[in-house]
Amino acid sequence: MPLYELLCLAKPAPRAELVALFKNLGDVVYKNGGFITQLKSFGEQHLAYDLRQPFEKHDRAHIWQMDFVSSVDGLKPLDHELHVSDKVLRWTMVKRPMGAPPAALAASSEQR
């Protein structure tokens, strides 16, 4: 099964709500035969430009990254859950080679 990296921007919310969102998305991965390898939170950040939704405008977002291993069939339920969640503003999923280090580690090793 391939390794995937999900980078997500969520609406600023209390910690308990964000933890519930992480748990919910993690449960979707587990139910479809995958497992999470890493979860990183970059905290609430000011955005370079406003993200607009109907009747809403967001200039801040909680940014987090989840690395997980899943089959291709397991991505569709996760994508659906991200679509229907009212807490998620934007996200992107990238497939990584299994033996390659995460992007953050690769970038830091190139700078040395």
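Residues numbered from 1 in each chain as written. Predicted model: local features only at pLDDT ≥ 70, side-chain atom pairs only at ≥ 80, totals over all residues. Heavy atoms only, no water.

Going by an unreviewed UniProt entry, the chain carries the name 28S ribosomal protein S6, mitochondrial and comes from Pleodorina starrii. We quote the UniProt Sequence similarities (unreviewed entry) comment for the chain here in full: "Belongs to the bacterial ribosomal protein bS6 family." (UniProt positions renumbered as here; feature names shortened; annotations may be inferred.)

(A) Examining the sheet that holds strand β3 (residues 56-69) more closely. The sheet built from 4 strands is open, its strands ordered β2-β3-β1-β4 with antiparallel pairing. The open sheet has two edge strands with one neighbour each: β2 (35-53) and β4 (88-96). Each strand of the sheet is rotated relative to its neighbour by a mean of 15°, with strand direction disregarded. In this sheet, β3 lies alongside β2 in antiparallel orientation, the contact comprising 13 bridges. In the strand pairing of β3, I36 is matched with F68. Against the sheet, helix α1 (residues 15-31) touches β1 (3-10), β2, β3 and β4, its axis set at about 40° to β3. Helix-sheet contacts for helix α2 (residues 75-84) involve β1, β3 and β4, and the interaxial angle to β4 is about 160°. (Pairing = 2+ DSSP bridges. Helix = DSSP H or I, 4+ residues; strand = E, 2+ residues; numbered from the N terminus. Axes fitted to C-alpha atoms, helices over the stretch in contact; angles between N-to-C directions. Contact = heavy atoms within 4.5 Å.)

(B) Spotlight on unusual backbone geometry. The phi torsion at F55 lies on the positive side, around 65°, for a residue other than glycine. Mapped onto the fold, F55 is located in the loop between β2 and β3.

(C) Geometry of α2. Residues of α2 that are buried include every one of L75, L78 and L82, and no others. Down the axis of α2, the buried set is contained in an arc of 65°. They therefore lie on one face. Structural note: α2 exposes K76 and H83 on the side pointing more than 90 degrees away from its buried face. (Buried < 20%, exposed > 50% of the residue type's maximum accessible area, 1.4 Å probe, protein only. Arc of directions from axis to C-beta.)

(D) Molecular detail of a nonpolar patch on the surface. A surface patch of nonpolar side chains, about 330 Å² in accessible area, is lined by M1, Y30 and F35. Relative to the helices and strands, M1 resides in the segment before β1. (Patch = residues over 30% accessible without salt bridge, like charges linked within 9 Å, V, L, I, M, F, W, Y side chains within 5 Å. Areas by Shrake-Rupley, 256 points an atom, 1.4 Å probe, with all protein chains shown as cover. Salt bridge = Lys/Arg side-chain N within 4 Å of Asp/Glu carboxyl O.)

(E) Inspection of the packing of aromatic side chains at higher detail. The tally for this structure, following the rule as stated, stands at 2 aromatic pairs. When the centroid spacing of 5.7 Å and the interplanar angle of 25° are considered together, the rings of Y4 and F68 count as stacked. With Y4 in strand β1 and F68 in strand β3, this pair connects stretches of sequence that are 64 residues apart. Its relative accessible area of 6% is what places Y4 among the buried residues. (Phe/Tyr/Trp six-rings, centres within 6.5 Å; stacked < 30°, edge-to-face > 60°.)

(F) Region of interest: the pattern of salt bridges. Inspection of the entire model under this criterion finds 6 salt bridges. Between D27 and K23 there is a salt bridge whose closest N-O contact spans 3.1 Å. Within this pair, D27 and its partner K23 are both found in helix α1, separated by 4 residues, close to a single helical turn. With relative accessibility at 54%, the residue K23 sits in the exposed group. Measuring nitrogen to oxygen at the nearest pair gives 3.7 Å for the salt bridge that ties K57 to D50. The exposed category is assigned to K57, whose relative accessible area is 53%.

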